[in-house]
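The lines below spell out each chain.
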Amino acid sequence: MRAANKVFAGLGTTIFTVMSALAMAHEAINLGQGFPDDEGPDDIRAAAAKAIVEGPNQYPPMMGLPVLRQAVAAANKRFYGLDVDWQREVLVTSGATEALADCLLALLEPGDEAIILDPSYDSYRPIIEAAGAKAVAVALTPPDWTLPMEALEKAFSPRTKLLLINSPMNPTGRVFSREELTALAGLVQHHDAYVVCDEVYEHLVFSGHSHIPLMTLPGMRERCLRVGSAGKTFSLTGWKIGYVTGPAALIEVVAKAHQFVTFTTPPALQSAIAYGLGKGDDYFVGLAAALEAKRDLLARGLVAAGFELLQTDGTYFITADIRSLGFNGTDEDFCREITINAGVAAIPLSAFYPAGSPQAPRQLVRFCFCKQDSILIEASRRLLVWSQRQPASTAG
Ligand code: PMP
Ligand code: GLN
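For the structure given in this document, a descriptive report is provided here. The shown structure was predicted, so the numbers you read here are calculated from the model rather than taken from an experiment.

Here the focus is the overall build of the protein chain. For the protein chain, the count of helices and strands is 14 helices and 13 strands. Expressed as lengths along the three principal axes of its C-alpha atoms, the size of the protein chain is roughly 60 × 55 × 50 Å. The buried share among the 396 residues of the protein chain stands at 58%. In the protein chain, once contacts between residues fewer than 6 apart in sequence are set aside, the share between residues at least 24 apart is 74%. A total accessible area of about 16,600 Å² is found for the protein chain, and carbon and sulfur atoms account for 54% of it. Mean positive and mean negative side-chain charge positions of the protein chain (33 and 42 charges, respectively) differ by 3 Å.

Structure (structure tokens):
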């Protein structure tokens, strides 16, 4: 038999699926894969149910329902002051995962280079490579995870077609500052590159920080494709509604990729998300505040169990350093160990680097905190009990 495409044939199952399966097998609390453990806002779900019953349920317009494209354009104005032409500058996709794939397929050709920042979300590399391009990784360094400008400068070449940035960043919890983004914008313009901006966690940003879309910086409006996700903004990860905002000339090409990847996205869910994006500021502020309280709740529990924590300014992930627990093994071993023997699942950070990467930290694990308080408290208790059983534990 002839070989299948080697990018995909060579891939394993995503770490999120692997850890969720392990958590289920051992009845562990799943703080691995990122998803909320509630059903999402009642009113948005009611709007979707009504739309399914009343229709239409046939193919919606390829670019997305006008009502949702208008809502995305209005949200760009409301939250970031961006003027967006909803007809030509917004595309609706089946989740941010599809949006990212569409953007990369639309921009990249064989021979191109795409700069990504490690730790990076697991879908980026395979799609870049499937498009025939080369992923050029620049590693951020813990615990601060600041943008390494010198390394970035070196990473650009005449072949660099685009850079992909995720802010707020999974798994680091970084929200890049205006200074960092301004420096990056300068480099991008100097090298005449595009930027695919994965901003799925745009509304999950905590006190003292604010999300700045790179697209709002001078000279960047025409270079950026900004990706959002209703899954994150409305705690409805199973719905897979994403959206891309960008200059008309680029969106036109991204839509060509979309038309042959999924073509459309369920109309009832689109209209419900259009309603959601119109919700009052209390919804958006309340979402961030509720998650910030959960971050603090889990952080207290993890510290009590003996972990040292890295700062989390956005997303719903917190990174913990396992060295203080006296565990003898890698981050992967650790996640397996606590899933099986503590009853709590987490994700090893090395999974966000290429296999065997010397840059990958082996001492950091990611916990997801968008869970009910009682679950976070029970997970903390289990980790404390487990850590007290460890011979070299420093936990109290
Ligand atoms: N980018 C990042 C950084 C993510 O964490 C996620 C979450 N799965 C996605 C993209 C994909 O979002 P969606 O579920 O809307 O496809
Ligand atoms: N974005 C989620 C996370 O980082 C996982 C989504 C998935 O399972 N593909 O945990």
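Here the narrative resumes.
Here we come to the sheet that holds strand E10 (residues 317-321). Pairing is antiparallel across the open sheet formed by four strands, whose spatial order is E9-E10-E13-E12. Each of the sheet's edge strands pairs with one partner strand only, and the pair in question is strand E9 (308-309) and strand E12 (347-348). The sheet contact formed by E9 and E10 spans two bridges and is antiparallel. Opposite Glu308, over in E10, you have Asp321 as the bridge partner. Against the sheet, helix H12 (residues 281-304) engages E9, E10 and strand E13 (364-368), with an angle of about 15° to E10.

Let us look at the packing of helix H5 (residues 95-107) against helix H10 (residues 248-261). Two elements in contact, H5 and H10, have axes separated by 8 Å at closest approach and are oriented at 115°. Viewed along their axes, H5 and H10 form a crossing whose handedness is right-handed. Judged by residue contacts, Glu98, Asp102, Cys103, Leu105, Ala106 and Leu107 of H5 engage Leu250, Val253, Val254, Ala257, His258 and Val261 from H10. Classifying every residue of the contact of H5 with H10 by side-chain character gives nine nonpolar, one polar and two charged.

For the rest of this paragraph, the subject is the sheet that holds strand E8 (residues 242-245). Pairing is mixed in the open sheet, where seven strands are placed in the order E2-E8-E7-E6-E5-E3-E4. The open sheet terminates on both sides in strands that have one partner only, identified here as strand E2 (90-93) and strand E4 (134-139). Strand-to-strand twist across the sheet, computed as the mean angle between neighbouring axes with direction ignored, equals 20°. Judged from the four bridges that link them, strand E6 (residues 194-198) and strand E7 (residues 224-229) form a sheet pairing that is parallel. Across the sheet, residue Val196 finds its bridge partner in E7, namely Leu225.

At 3.6 residues per turn, the α-helix brings residues three or four places apart onto the same side. Here H12 spans 35 Å end to end across 24 residues, near enough to the 34 Å set by a 1.5 Å rise per residue. Of the residues one or two after H12, Gly306 is the one with positive phi, at around 105°.

Further remarks concern the site of ligand 1. Taken together, 14 residues sit near ligand 1, with Thr97, Asp198, Tyr201, Lys232 and Lys240 positioned nearest. A distance of 2.6 Å is found between an oxygen atom of ligand 1 and a side-chain nitrogen or oxygen belonging to Thr97. At 3.2 Å from a nitrogen atom of ligand 1 is found a side-chain nitrogen or oxygen belonging to Lys232.

Among the structural elements, Asp112 can be located in the loop between H5 and strand E3 (113-118). A residue is classified by how much of its surface remains accessible, and Asp112, at 12% relative accessible area, is buried. The contacts of Asp112, once residues within four sequence positions are left out, are Leu107, Ala133, Lys134, Arg159 and Lys161.

Attention now goes to the environment of Lys240. Its location among the elements puts Lys240 in the loop between helix H9 (230-233) and E8. Among residues more than four places away in sequence, those in contact with Lys240 are Thr93, Ser94, Gly95, Thr97 and Thr265.

This part covers the packing of aromatic side chains. One pair of aromatic rings is described through two measures. These are the centre distance and the angle between the planes. The full count for this structure, using the stated rule, is 18 aromatic pairs. Arranged with centres 5.3 Å apart and planes meeting at 80°, the rings of Phe327 and Phe334 form a pair that is edge-to-face. Among the aromatic side chains, those forming a connected cluster through ring pairs are Phe79, Tyr80, Phe234, Tyr283 and Phe284. Across from the ring centre of Phe35, 3.7 Å away, lies the NZ or CZ of Lys371, which sits over that ring.

Another point: the site of ligand 2. Around ligand 2, the structure places Phe16, Gln33, Gly34, Tyr121, Asn170, Tyr201, Lys232, Phe317 and Arg366. The separation between an oxygen atom of ligand 2 and a polar side-chain atom of Gln33 is 2.7 Å. Take Gly34: an N or O atom from its main chain is 2.7 Å from an oxygen atom of ligand 2. Here ligand 2 has 300 Å² of accessible area as a free molecule, and 80% of this is covered by the chains. Class assignment for the residues of the shell around ligand 2 results in four nonpolar, three polar and two charged.

Each value, and the rule that gives it
- Residues numbered from 1 in each chain as written.
- Chains lettered and ligands numbered in written order.
- Predicted model: local features only at pLDDT ≥ 70, side-chain atom pairs only at ≥ 80, totals over all residues.
- Heavy atoms only, no water.
- Helix = DSSP H or I, 4+ residues; strand = E, 2+ residues; numbered from the N terminus.
- Buried < 20%, exposed > 50% of the residue type's maximum accessible area, 1.4 Å probe, protein only.
- Contact = heavy atoms within 4.5 Å.
- Areas by Shrake-Rupley, 256 points an atom, 1.4 Å probe, with all protein chains shown as cover.
- Lys, Arg positive; Asp, Glu negative; His and termini not counted.
- Charge placed at Lys NZ, Arg CZ, Asp CG, Glu CD.
- Pairing = 2+ DSSP bridges.
- Axes fitted to C-alpha atoms, helices over the stretch in contact; angles between N-to-C directions.
- Left-handed = near helix turned anticlockwise from the far one by under 90°.
- Nonpolar A, V, L, I, M, F, W, Y, C, P; charged D, E, K, R; others polar.
- Expected span 1.5 Å × (residues − 1).
- Near = heavy atom within 4 Å.
- Polar contact = N/O pair within 3.5 Å; in protein donor to acceptor, adjacent residues only side chain to side chain.
- Phe/Tyr/Trp six-rings, centres within 6.5 Å; stacked < 30°, edge-to-face > 60°.
- Lys NZ or Arg CZ within 6 Å of the ring centre and 35° of its normal.

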